[in-house]
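# Report on the structure
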Amino acid sequence: MSVHLTACPRNCYSTCSLRVTVEGGRLVRVEGAAENRATAEGPCLKGLSYVERAHSPQRIVEPLRRQADGSFRTIGWDEAIESIASQLERLRAAHGPQTVLYYSASGTKGLLNGCGLAFWRLFGGCTTTYGDLCWPAGLEATRLTLGANSHNAPWDLENARLIVLWGKNAAETNVHQMPHVQRAQDRGAQLVVIDPRRTETAERADLLLQLRPGTDGALALAVGHVLLRDGLVDRDFVEAHVKGFDEYARAVAEWEPARAAAITELRAEAIEAFARQVGTVKPMTLVPGFGMQRFTNSGQAMRAMLALCAITGNLGKPGAGWMYANLQTQVFSQVKDPIDCYPGTPDGVVRVSLSTARLGRDMPAAADPPLTFAWVERGNPIPQNPETSRVLEAFRRLEFRVVVEEFLTDTAREADVVLPAKNFFEQTDVIGAYWHPYLQLRPKVLEPPPGVQPETEIYRALGRRLGIDEAALAAALPGPSDSSIEAWLAAKLAPTGITLDQLRAGPVLSPEFEEVAFAGLRFPTPSGKIELWSDEARARWGVPELPSWQEAGERPDPAGRFPLHLLTPNTKNRIHSQFGHLETIRRMAPAPFVAIHPTDARARGVAEGERVRVFNERGELRLPARFDRGLKRGCVAITNGFWLTEGAAVNLLSEGRETDMGHGAAFHDNAVQVERA
Ligand SMILES: Nc1nc2c(c(=O)[nH]1)N[C@H]1C(S)=C(S)[C@@H](COP(=O)(O)OP(=O)(O)OC[C@H]3O[C@@H](n4cnc5c(=O)[nH]c(N)nc54)[C@H](O)[C@@H]3O)O[C@H]1N2
Ligand SMILES: Nc1nc2c(c(=O)[nH]1)N[C@H]1C(S)=C(S)[C@@H](COP(=O)(O)OP(=O)(O)OC[C@H]3O[C@@H](n4cnc5c(=O)[nH]c(N)nc54)[C@H](O)[C@@H]3O)O[C@H]1N2
Ligand SMILES: [Mo]
């Protein structure tokens, strides 16, 4: 029996430290690790379910080849590599290397993920995506305003007197944030939640503002109006640290609470009361979620919200600030400078030309060369990207598809060859996080099943077969020995001064860690100040220089065919499309359902539990309706992550629309109708 410290690499705020027990070559226990001050309380149910997931009988443990009837047969590695390589050679000869789509997404964190692109460069190039499904509108809004994405330590939230969870359902999506919220509340802090749904998080709040989806910008501008009108602005702070305050003040003069009330469907008195709280209860930490930036107008809305921190002096201080994304640990990563992920052909080798949000449209439209081959790893784009039907069709139009996967997902089912993927217990790697400031080691603690090889070895085998020079392969791909992987990681870490031995002992604070972000009140913006006025906002994105709000995206038409607003948030017992198929999760998590307000249901003759059709022009889902009195009327909600094979892939209903900045996906801008099935 051995016990190891590791960390969960899923795309989740928490990125928990875990202590895992291995016995007889199997994972038998998962526990918390108090070394990580942000996640000391221990794992969620998904974390516990790794005991099942690591050895699940559903795991793919041999390469699979799709047959004419759609079923799969297992094949050996030699046959798998041969069939992939011969297709790659043929298609590269016909169209050039950029005919290959390399699509990777957020399935796991790790420095070794970078080996994928390194391999495709050796192949001669490829085509890939720009933008991101997750958070870029908010990242960009924050970068334009503060110059960087950084926030106070997670535990510093305990110093706040006012916490605003704005479009974030931390009780489900960042469970480890809630103890910090609770401790602040125990010390007298007030909690405001802003969400069209009465979430588990809202149950803990003193005030819940259930606004109409996509109207946060209007609310924030009206709050700014009240702060100015009532003399609740921190004039000294603004004078010293804010650019564009006078212009902002003129702009919010037009945003009387009554105007915002009509837009947001909140009462003007509620807006006034919230504004008074923001202006008088200090320090305030504003915690915007990623959910509220999945709108066509949400980058500008985020800028309007962040302005509230700026004009009340709630930045650069303990207990204060803007807790969106903390990139202090992204010391190796591109996300730190999202500009690198934007469209273009920076080096003529990798063509960065497909919008992630519009994948299903951009794939078939690619020309010179057209796409004929796709390689997918760490992602499940068919159910998770907007417009599932189009994405499916785009994949089907290709000549050949390879998916590297642990499980037979909707995307893997479309592959010609499925290659088994390692799990995070089977290869050592180093990971950062985007909420807490720790770098962590996830050491190899299990041998992969005999038919499974890590991506590094898959690429090496493919590279050899394609005749890529052995030395070039060795330079791009560490391994196969564990010591070679460790040496590669150590070399990557060297510039940070952190050693593998330090990481073996426990999570290590990033060299860029600041307990209080922007404590020196120097902001890496062009002016060195907090920019309410941003020339770059206009130049880069064509939006106004000041935060603004306008109606955008697909709006439900109360009198029309699609009168309901569809929300597709995240849910407790999944990470997007992962975990839901496991027994451990199935026992706890409900089957898919659509949440609907009883009044909206009864108007359609729908009874609680009855099967309904949720539809728009793009598609339909048939699901049981569950009454939810806590949902804002006019909204329906289905959590994302269900598979097509479960009959509830929500992106059958969404359209591929980008956010106003950052090339994010406006997932929540969709109107639907519900009727009895
Ligand atoms: N358990 C679990 N945890 C996760 C994930 C998961 O899938 N499961 N995913 C991880 C990832 S990748 C992400 S991106 C994060 C996301 O986690 P969060 O930041 O919490 O984001 P969402 O769940 O997308 O949405 C949060 C809330 O925004 C609300 N919302 C929708 N529209 C609006 C609006 O117009 N205004 C306002 N104010 N609120 C609105 C939704 O009702 C929802 O309750 O969670 C991470 N953590
Ligand atoms: N309608 C709607 N759609 C959404 C959202 C929404 O709010 N509403 N949220 C969006 C957000 S925030 C996100 S982040 C995306 C997430 O979308 P994706 O990034 O596509 O993430 P997952 O669904 O987690 O799928 C990741 C896949 O990677 C696989 N995987 C895990 N580890 C490894 C590995 O080591 N190697 C390989 N090869 N594979 C591995 C997993 O088995 C899983 O099938 O979904 C987006 N989709
Ligand atoms: Mo995400």
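Model, not experiment: these values are computed from the prediction.

When its secondary structure is counted, the protein chain shows 23 helices and 27 strands. In terms of overall dimensions, the protein chain is globule-like: its C-alpha atoms have a radius of gyration of 25 Å, near the 26 Å expected for 677 residues. Dimensions of the protein chain along its principal axes, counting C-alpha atoms only, are 75 × 60 × 50 Å. Going through the 677 residues of the protein chain one by one, you find that 63% of them count as buried. In the protein chain, the share of contacts with a sequence separation of at least 24, taken over all contacts with a separation of at least 6, comes to 75%. Accessible area of the protein chain: about 23,700 Å², with a carbon and sulfur share of 49%. Charge centroids of the protein chain, computed over 75 positive and 80 negative side chains, lie 3 Å from each other.

Many authors give the size of an interface as the accessible area that is lost as the parts come together. As far as domains go, the protein chain holds domain 1 (2-53), domain 2 (64-130 + 331-431 + 438-509), domain 3 (136-326 + 517-541) and domain 4 (564-676). Taken together, the ten residues of domain 1 in the interface contact 13 residues of domain 3. Taken together, the two surfaces of domain 1 and domain 3 that pack against each other cover about 970 Å², and 55% of this comes from carbon and sulfur. Of all residues in domain 1, the largest losses of buried area upon contact with domain 3 belong to Tyr13, Arg37 and Ala38, amounting jointly to 62% of the total for that side. Scanning the region where domain 1 abuts domain 3 turns up one salt bridge. In this structure, Glu41 and Arg183 form a salt bridge, with 2.7 Å as the shortest nitrogen-oxygen distance.

Per the counting criterion, the structure on display carries 52 salt bridges. The partner of Arg143 in a salt bridge is Glu140, with the nearest N and O atoms 2.9 Å apart. One end of the pair is Arg143 and the other is Glu140, both in helix H5 (residues 136-146) and three residues apart, which spans about a single turn. With respect to burial, Arg143 and Glu140 carry one shared label: buried.

Time to look at helix H7 (residues 177-186). Along H7, the positions that sit buried rather than exposed are Gln177, Met178, His180, Val181, Ala184 and Gln185. Across the axial projection of H7, the buried residues extend over an arc of 160°, all falling on one side. Check the buried side of H7 and you find it contacts strand E8 (162-166), helix H6 (170-173), strand E9 (190-194) and strand E12 (284-288). Downstream of H7 by a residue or two, Gly188 has a phi angle that is positive, lying close to 100°.

Moving on, we come to the site of ligand 2. Surrounding ligand 2, one finds 30 residues, the nearest of these being Ser106, Gln384, Glu405, Glu455 and Ser577. Between Arg10 and ligand 2, the recorded distance is 3.4 Å, taken from a side-chain N or O atom to a nitrogen atom. Glu455 places a polar side-chain atom, nitrogen or oxygen, 2.7 Å from a nitrogen atom of ligand 2. Expressed as a share of its isolated accessible area of 930 Å², the protein-covered part of ligand 2 is 98%. When the residues that make up the shell around ligand 2 are grouped by side-chain class, the tally is eight nonpolar, 14 polar and eight charged. Looking at the shell around ligand 2, you find at least three residues from each of domain 2 (64-130 + 331-431 + 438-509) and domain 4 (564-676).

One closed barrel accounts for six strands, arranged E22-E26-E23-E25-E24-E27; its pairing is mixed. Here the strands of the sheet are splayed against their neighbours by 45° on average, with no regard to which way each runs. Here strand E22 (residues 564-567) runs beside strand E27 (residues 670-676); their pairing, made up of three bridges, is antiparallel. If you follow Leu564 over to E27, its bridge partner there is Val672.

What follows deals with the environment of Arg538. Following the sequence through the fold, Arg538 ends up in helix H21 (residues 535-541). Residue Arg538 is classed as partly exposed on the basis of its relative accessible area of 40%. If we ignore the near neighbours within four places in the chain, the residues touching Arg538 are Val543, Pro544 and Glu545. In terms of polar contacts, Arg538 uses its side chain to reach the side chain of Glu545, at 3.1 Å.

Position of Ile431 relative to the elements: it lies in strand E18 (residues 429-431). Each C-alpha atom of the pair Ile431 and Phe332 lies 9.8 Å from the other, and the pair is 99 residues apart in sequence. Each residue touching Ile431, except ones within four places of it in the same chain, is listed here: Ala7, Cys8, Pro9, Thr15, Lys109, Gly110, Tyr438, Leu439, Gln440 and Arg442.

Bringing the sheet that holds strand E2 (residues 17-23) into the picture now. What links the strands of a sheet is backbone hydrogen bonding, and the strands pair in either a parallel or an antiparallel sense. An order of E1-E2-E3 is seen for the three strands of this open sheet, with the pairing classed as antiparallel. With partners counted over all chains shown, the strands left at the sheet margins are strand E1 (2-7) and strand E3 (26-32), one partner each. The average angle at which neighbouring strand axes cross in this sheet is 30°, direction not considered. The pairing of E2 with E3 spans six bridges and is classified as antiparallel. Of the residues in E3, the one forming a bridge with Glu23 is Arg26.

Turning next to the side chain of His241. Here His241 lies in helix H9 (residues 235-241). Its relative accessible area of 18% is what places His241 among the buried residues. Other than its neighbours up to four places away in sequence, His241 contacts Leu521, Lys529 and Ile530.

What follows is about the side chain of His436. Among the secondary structure elements, His436 is positioned in the loop between E18 and strand E19 (438-442). Using a relative accessible area of 0% as the deciding quantity, one classes His436 as buried. A distance of 3.4 Å separates polar atoms of two side chains, one belonging to His436 and the other to Asn36. In terms of polar contacts, His436 uses its side chain to reach the backbone amide nitrogen of Tyr438, at 3.2 Å.

The rules behind the values
Residues numbered from 1 in each chain as written. Chains lettered and ligands numbered in written order. Predicted model: local features only at pLDDT ≥ 70, side-chain atom pairs only at ≥ 80, totals over all residues. Heavy atoms only, no water. Helix = DSSP H or I, 4+ residues; strand = E, 2+ residues; numbered from the N terminus. Rg over C-alpha atoms; globule rule 2.2 N^0.38 Å. Buried < 20%, exposed > 50% of the residue type's maximum accessible area, 1.4 Å probe, protein only. Contact = heavy atoms within 4.5 Å. Areas by Shrake-Rupley, 256 points an atom, 1.4 Å probe, with all protein chains shown as cover. Lys, Arg positive; Asp, Glu negative; His and termini not counted. Charge placed at Lys NZ, Arg CZ, Asp CG, Glu CD. Domains from an automatic or database assignment. Buried area = accessible area lost by both parts, 1.4 Å probe. Salt bridge = Lys/Arg side-chain N within 4 Å of Asp/Glu carboxyl O. Arc of directions from axis to C-beta. Near = heavy atom within 4 Å. Polar contact = N/O pair within 3.5 Å; in protein donor to acceptor, adjacent residues only side chain to side chain. Nonpolar A, V, L, I, M, F, W, Y, C, P; charged D, E, K, R; others polar. Pairing = 2+ DSSP bridges. Axes fitted to C-alpha atoms, helices over the stretch in contact; angles between N-to-C directions.

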